[in-house]
Amino acid sequence: MENLLEVIDLKVTFPTSKGRIRAIDGVNFKVKKGEILGIVGESGSGKSISSLSIMGLISDQGQVEGKILFNDENLLNKTEVEMRKIRGDKISMIFQDPMSSLNPVFTIGNQISEAILLHNKGVTKKEAVEKTIELLKLVGLPSPEQRIHDYPHKFSGGMRQRAMIAMALACEPELLVADEPTTALDVTIQAQILELLKEIQMKLGMSIILITHDLGVVAETCHRVAVMYAGHVVEETDVYTLFANPKHPYTKGLINSLPKLGSRERLTPIQGQPPQLYDDLTGCRFASRCPFVSAECLENEQVIAEVTKGHFVRCHKEVG
Amino acid sequence: MPTLLKVNDLKKYFEVNKGLFGRQKSVVKAVDGINLDVIEGETIGLVGESGCGKSTTGRLLLRLIEADQGEIIYKGQDLRKLDNESLRKTRKDMQMVFQDPYGSLNPRLSVGEIIREPLRTHFNMNKEEQQKRVKELLDVVGLNQRYINRYPHEFSGGQRQRIGIARALALNPKLIIADEPVAALDVSIQAQVLNLLKDLQKDLNLTYIFIAHDLSVVQYISDRVAVMYLGKIVEIANSETLYKNPQHPYTKALLSSIPVPDPTVKRERILLEGDVPSPLNPPSGCSFHTRCPFAEQRCKEETPSLLTVADQHKVACHLVN
Ligand SMILES: Nc1ncnc2c1ncn2[C@@H]1O[C@H](COP(=O)(O)OP(=O)(O)OP(=O)(O)O)[C@@H](O)[C@H]1O
Ligand SMILES: Nc1ncnc2c1ncn2[C@@H]1O[C@H](COP(=O)(O)OP(=O)(O)OP(=O)(O)O)[C@@H](O)[C@H]1O
Ligand SMILES: [Mg+2]
Ligand SMILES: [Mg+2]
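Conventions we followed
Residues numbered from 1 in each chain as written. Chains lettered and ligands numbered in written order. Predicted model: local features only at pLDDT ≥ 70, side-chain atom pairs only at ≥ 80, totals over all residues. Heavy atoms only, no water. Helix = DSSP H or I, 4+ residues; strand = E, 2+ residues; numbered from the N terminus. Rg over C-alpha atoms; globule rule 2.2 N^0.38 Å. Buried < 20%, exposed > 50% of the residue type's maximum accessible area, 1.4 Å probe, protein only. Contact = heavy atoms within 4.5 Å. Areas by Shrake-Rupley, 256 points an atom, 1.4 Å probe, with all protein chains shown as cover. Lys, Arg positive; Asp, Glu negative; His and termini not counted. Charge placed at Lys NZ, Arg CZ, Asp CG, Glu CD. Near = heavy atom within 4 Å. Polar contact = N/O pair within 3.5 Å; in protein donor to acceptor, adjacent residues only side chain to side chain. Nonpolar A, V, L, I, M, F, W, Y, C, P; charged D, E, K, R; others polar. pLDDT = per-residue confidence, 0-100. Pairing = 2+ DSSP bridges. Axes fitted to C-alpha atoms, helices over the stretch in contact; angles between N-to-C directions. Phe/Tyr/Trp six-rings, centres within 6.5 Å; stacked < 30°, edge-to-face > 60°. Salt bridge = Lys/Arg side-chain N within 4 Å of Asp/Glu carboxyl O.

## Here we look at the overall build of chain B
Then step 1. In terms of regular secondary structure, chain B is built from ten helices and twelve strands.
Then step 2. Expected size for 321 residues packed as a compact globule is a radius of gyration near 20 Å; at 21 Å, chain B falls within 12% of this value.
Then step 3. Dimensions along the principal axes, computed over C-alpha positions, put chain B at roughly 65 × 55 × 50 Å.
Then step 4. Out of the 321 residues belonging to chain B, those deemed buried represent 57%.
Then step 5. Counted over contacts in chain B with a minimum sequence separation of 6, partners at least 24 positions apart contribute 61%.
Then step 6. Counting only carbon and sulfur atoms, one obtains 47% of the accessible surface of chain B, whose full area is about 13,700 Å².
Then step 7. A distance of 4 Å separates the average location of the 43 positive side-chain charges in chain B from that of its 39 negative side-chain charges.

In structure tokens:
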């Protein structure tokens, strides 16, 4: 399969009162055509910043380096005008924070039909409204004919999320970046929406980057998975290998922290906290929390390497 | 254990606009007759469909919004009848951790100021004591003390949620209503926070109302679980009973929809047919009948009441009762 997206050595830094923070620090991953790539990882590890970089939505203060190849063109060389065209036409995004992408002063219906009108020349207003209602039905919003007249603040968290998914699908993108698209939804609707995403993905041959904390969702939805920790991808492999044979100690810890249905046993979290990303970091960034740590881990920066075909790990103990 | 909070027939209806120009008004029955006893020191989990009224219930209990009907009895007093001053005092005992870690933190205040704010308004502490307490609280929720002067936008979603928990703990509350408190956290931090909430509960004898959609989390943290559907509680039981022996068809569907973190497992799903009903126009009879695989004629006509089926186990379903 062809690569639709290739992120190469992506780095993003922000100025803070304590110096520049290295929000992501050399991230690599690929998304093939028609593939669903899951991104999981520590809160604050740079999942959202990675996806915002792809969208060209990092604020002016942020400094972005590296390459983001989309259909072999580097998105980082595009002008703001070109990026605006790509966003919502070829790439669209479902944001982690539903309120930030819904405009409080326009009705839900207005916002979605506007997106449809912008990206389909020749569509009438009436057709756009019909398509809006259809999309809202598709994502399972009750009474869409009436609810399109509502403003975002009248929607519950889950309803906002569904409205946003409808908006992201409005332009039938080649790549959909979904940042925690189902966190506010209950599981029956989540199952429905993930089913819907898989269905649309197959029908349109769309690729999806799915960012989530829910390893259950990853197991059921994604083809491949990248695990992020402290600004790096620490493991990348197909979904079966990830659960059957995780290699990186962080990935192992993550899988161990899950509450198991039917058990009330005390959970085993990964001890400690991630490093602060503006510190001068030497050695492996997981070292301070790693149960297998040794002297070398503290000295040498780890590199990501292929341990078996298609399985990449950033830990020298695994790479040897 | 004594009852800490008793909720009787609580109702909240919202008016929304309908029709092309919003001239017609119609009503969302967000919370439609909830009865609940919360025992001191327990955790009661609240789960259910998006939009079924969980957050609204939480806000009503703290009187962040006003109910249309019902009683909220706390320490023998109906909170709905308290004047502002008594309400302010009682509110100290009850705190909320919000669903949205973005909207609920003031972007112009530093983390330290956010957590200090409730201390300033409710306690007689000097600057130093306040600072010490803020650092303690940061520690308790696992945030680095060096973050104290940073602003919310400099944090990830998960980090912000921990700030919200620290703020809620500042006043030593008795009851915490946590609205999706770990939804934004990755599982390793989630495990830390859940362990933390359990430890705090033991140490401080806290009572929790824990709203979440992740059933594996809810069953882990809760002693009892209430399942809501369209503004009503349809099943309530001990956590273990609910997971081992669910009775309401909606609870069964909910349990079967939990995604399993094992790609080799293909689960038998109870797929719910039919559209999600609108709270604007809730179905007659049992509001779940439009999606229920077992619905009979009676379910379309009569509203089932929440009846005891076994010790501590109540269900609202004609087919069960
Ligand atoms: N505008 C900003 N200024 C300074 N630091 C920032 C900014 N935005 C993000 N960061 C920092 O960059 C890092 C990565 O943040 P990001 O939002 O990508 O995390 P995430 O992996 O999406 O986390 P979560 O799972 O909690 O959403 C974090 O340490 C965060 O504090
Ligand atoms: N201020 C409001 N005006 C009109 N309708 C409202 C208002 N607040 C809530 N609602 C409606 O009340 C119902 C219940 O909303 P609520 O936020 O309590 O749901 P929830 O169970 O918390 O959902 P979620 O899991 O998505 O957060 C929804 O139909 C919502 O649209
Ligand atoms: Mg994020
Ligand atoms: Mg809610």
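## Quick notes on the site of ligand 2
Then step 1. Near ligand 2 lie 21 residues; those nearest to it are Gly 158 of chain A together with Ser 50, Gly 51, Ser 55 and Thr 56 of chain B.
Then step 2. More than one chain lines the surroundings of ligand 2; the residues nearby belong to chains A and B.
Then step 3. Cys 52 of chain B places a polar main-chain atom, nitrogen or oxygen, 3.2 Å from an oxygen atom of ligand 2.
Then step 4. When contributions to the shell around ligand 2 are tallied by element, the ones reaching two or more residues are α7 (157-169) of chain A together with β1 (3-18), β2 (24-39) and α1 (54-61) of chain B.
Then step 5. Here the residues of the shell around ligand 2 are counted per class, giving eight nonpolar, nine polar and four charged.

## Overview of the confidence of the model for chain B
Residues and elements named next belong to chain B.
Then step 1. Across chain B, the average pLDDT comes to 88, with 94% of residues at or above 70.
Then step 2. Of all the helices and strands in chain B, helix α5 (residues 157-169) carries the lowest mean pLDDT, 83, while strand β12 (residues 313-315) carries the highest, 97.
Then step 3. Per the prediction output, this complex has pTM 0.80; the corresponding ipTM is 0.80.

## A word on the side chain of Asp 93 of chain B
All names here are of chain B.
Then step 1. With respect to the helices and strands, Asp 93 occurs in the loop between α2 (84-91) and β6 (94-97).
Then step 2. Classification of Asp 93 as buried rests on a relative accessible area of 12%.
Then step 3. Among the polar contacts made by the side chain of Asp 93, one reaches the side chain of Lys 75 at a distance of 3.3 Å.
Then step 4. Residues in contact with Asp 93, not counting those within four places in the same chain, are Tyr 74, Lys 75, Pro 173, Lys 174 and Leu 175.

## A closer look at the sheet that holds strand β4 (residues 63-70) of chain A
Residue and element names in this part refer to chain A.
Then step 1. Taken together, the four strands give an open sheet; going across it, the order is β2-β1-β4-β5, and neighbouring strands pair in antiparallel fashion. Edge positions in the sheet fall to β2 (19-32) and β5 (73-74), since each of these pairs with one other strand and no more.
Then step 2. In this sheet, β5 lies alongside β4 in antiparallel orientation, the contact comprising two bridges. Bridge pairing links Phe 70 to Glu 73 in β5.
Then step 3. Its contacts with the sheet place helix α1 (residues 47-55) against β1 (3-16), β2 and β4, and it is angled at close to 110 degrees to β1.

## Some thoughts on the packing of aromatic side chains
All names here are of chain A.
Then step 1. Applying the stated rule across the entire model yields seven aromatic pairs over all chains.
Then step 2. Note on Tyr 229 and Tyr 250: the rings are 4.8 Å apart at their centroids and 45 degrees apart in plane angle, and the pair reads as tilted. Of the two residues, Tyr 229 sits in strand β9 (residues 224-229) while Tyr 250 sits in helix α11 (residues 249-256), which places them 21 residues apart along the sequence. We note that Tyr 229, like Tyr 250, is buried.

## Regarding the pattern of salt bridges
Then step 1. Under the definition given, this model contains 29 salt bridges over all chains.
Then step 2. Across the pair Arg 266 of chain A and Asp 199 of chain B runs a salt bridge, and its minimum N-O distance is 3.0 Å. Of the two residues, Arg 266 of chain A sits in the loop between α11 and α12 (295-299) while Asp 199 of chain B sits in helix α6 (residues 187-204), which places them in two different chains.
Then step 3. Overlapping salt bridges bring together Arg 22, Asp 25 and Arg 285 of chain A as one network.

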